[in-house]
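# Observations on chain architecture
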Amino acid sequence: MVRKITVLGAETRSFRRTVVALREADVEVSAKTVERVVHDVGGELAARRDADPRYEPPLAQRPENGPDLAVVECDGGRIRCRQPGQGPGVHLEGKGWKETKNACLIRAQRKTFADDPQPDPPPCFCDADHVAKIAETEALSVASVQAEVPSPHSEEQADEPLVPPADWRPKRLVRTVLSSMADSEEFGRQMKREAQGRRFFEARAKAFLGDGLPWNWSIWKKRFRAFTPILDFVHVLSYRFVAAKAVHAEPEDAWSQYLVWMTGCWRGEVGQVLEELATWQSRLGPPPSGAPDHDPRAILDRTITYLTNNRPRMKYPEYRREGLPVTTAWMESLVKEVNHRVKGTEMFWNHPEGAEAILQVRAASLCDDARLTTHLATRPGCPFTRHPKPPSLGSAKVRS
């Protein structure tokens, strides 16, 4: 019964929906019971996650060999919290929003190539509406003029039949998931313990991906220096698109400029892109003190700073030759899966224990190694005895 309650509590949108699903399986429990069981198991998972592996079996299943390719990706998220024991409603500043940390650690297979297997960017990065959606900004009206991506091939090759690019992207084999309310220092320790348990440091190829957030690269620098650092290309694309719109008034000119800058970054020509951005900055001048975020001078300044700081992590042709990922698509997909359970209208979790508990159960349910059901099958104590609630754990609202 505990297994059914916990698994459905991790997968359904709320404890009340869990009760409905359990009723169909001829299990009658209250939403409060579901809440208590899920939070107890979440506390157990957190304790095992942080325990010394010499005395407590780790959650990660140690494979026989290190992987061909080990990929580590991390990103932040948000969850709405409330103070425990204060009754319904929000009792934290900023409407209760608190930051979470998320990571996926993926055992993958790859192919390597002598040359860049895809020197031209994929069509989706050359679609105006799709790019605007990625950049979370207004689309450009370029239906009448769709500029072509500059081709790296010579004119002599123009009449040769086009050969589709090789599928160089690595293949996911096994994914495990971490999610926590911890700060970046503690979360970095969690990530390293998970990677060690899965023998990631013994992999033939290792990649660490993130966006431009400083804490991502602080974790890489302190815990994963042996991994190749890669800046998510989608974030690069977003900066290029917004900058092109800032320096050109005409949509067609802005779109053409975006394509040139985006393609240059895709091909590893970051230095040339920075030179062109510096030329634009010299024309417009530096942003004055107090300039609004949408000021073209402020946008250019942020873009140049972003590219300069992350330039060592933008060797995309080299990464593709080595069969490494260049986007955090796996991470973005995972964040949506986590949010499906922990974010929603009027969904608040006790801060921090209730939020941490549901994050542990949800993360375990999303692991490919059957981590949640394995823990439930091996947890100590009699399954027919009610376990006392850990004193450090609070409870979420019933409707969560």
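Just above, that's the structure.
Everything numeric here is computed off the predicted structure, so don't read it as measured data. The residue numbering used here restarts from 1 in each chain and proceeds along that chain's sequence as written. Predicted model: local features are reported for residues with pLDDT of at least 70 only, side-chain atom pairs are reported and counted for 80 or more only, and whole-chain, interface and lining totals are derived from all residues. The side-chain figures draw on all heavy atoms in the structure; neither hydrogens nor water molecules are used.

## Considerations on the pattern of salt bridges
Our working rule: Put simply, a salt bridge is a Lys or Arg side-chain nitrogen that is within 4 Å of an Asp or Glu carboxyl oxygen. In this description a helix means any DSSP run of H or I spanning at least four residues, a strand means any run of E spanning at least two, and both kinds are numbered starting from the N terminus. Relative accessibility decides the category of a residue: with a 1.4 Å probe and only protein chains considered, values under 20% of the type maximum give buried, values over 50% give exposed, and everything between is partly exposed.
Considering all chains together, one arrives at 31 salt bridges under this definition. The shortest N-O distance in the salt bridge between Arg-110 and Glu-322 comes to 3.6 Å. With a gap of 212 residues between them, Arg-110 in the loop between strand S2 (97–109) and helix H4 (128–135) and Glu-322 in the loop between helix H11 (316–321) and helix H12 (329–342) connect regions that are remote in the sequence. For Glu-322, a relative accessible area of 38% puts it in the partly exposed group. Residue Arg-169 pairs with Asp-167 through a salt bridge whose shortest N-O separation is 3.2 Å. What you see here is one network of salt bridges that share partners, running through Arg-49, Asp-50, Glu-185, Glu-186, Arg-189, Arg-193, Lys-222, Arg-223 and Glu-356.

## As for the environment of Leu-376
Where we set the bar: Should any heavy atoms of two residues lie within 4.5 Å, those residues are counted as being in contact.
The residue Leu-376 is located in helix H14 (residues 371–378) in this model. Residue classification places Leu-376 among the buried positions, given a relative accessible area of 12%. Excluding its chain neighbours within four sequence positions, the residues that come into contact with Leu-376 are Val-2, Arg-3, Thr-6, Val-7 and Val-41.

## Considering helix H13 (residues 353–365)
Rule in force here: By this rule the span expected of a helix is its residue count minus one, scaled by 1.5 Å.
Relative to the 18 Å expected for 13 residues at 1.5 Å per residue, H13 spans 19 Å between its end C-alpha atoms, a close match to the ideal helical length. The buried fraction of H13 amounts to 12 of the 13 residues, a majority that puts the element mostly inside the structure. Buried within H13 are the following residues: Gly-354, Ala-355, Glu-356, Ala-357, Ile-358, Leu-359, Gln-360, Val-361, Arg-362, Ala-363, Ala-364 and Ser-365.

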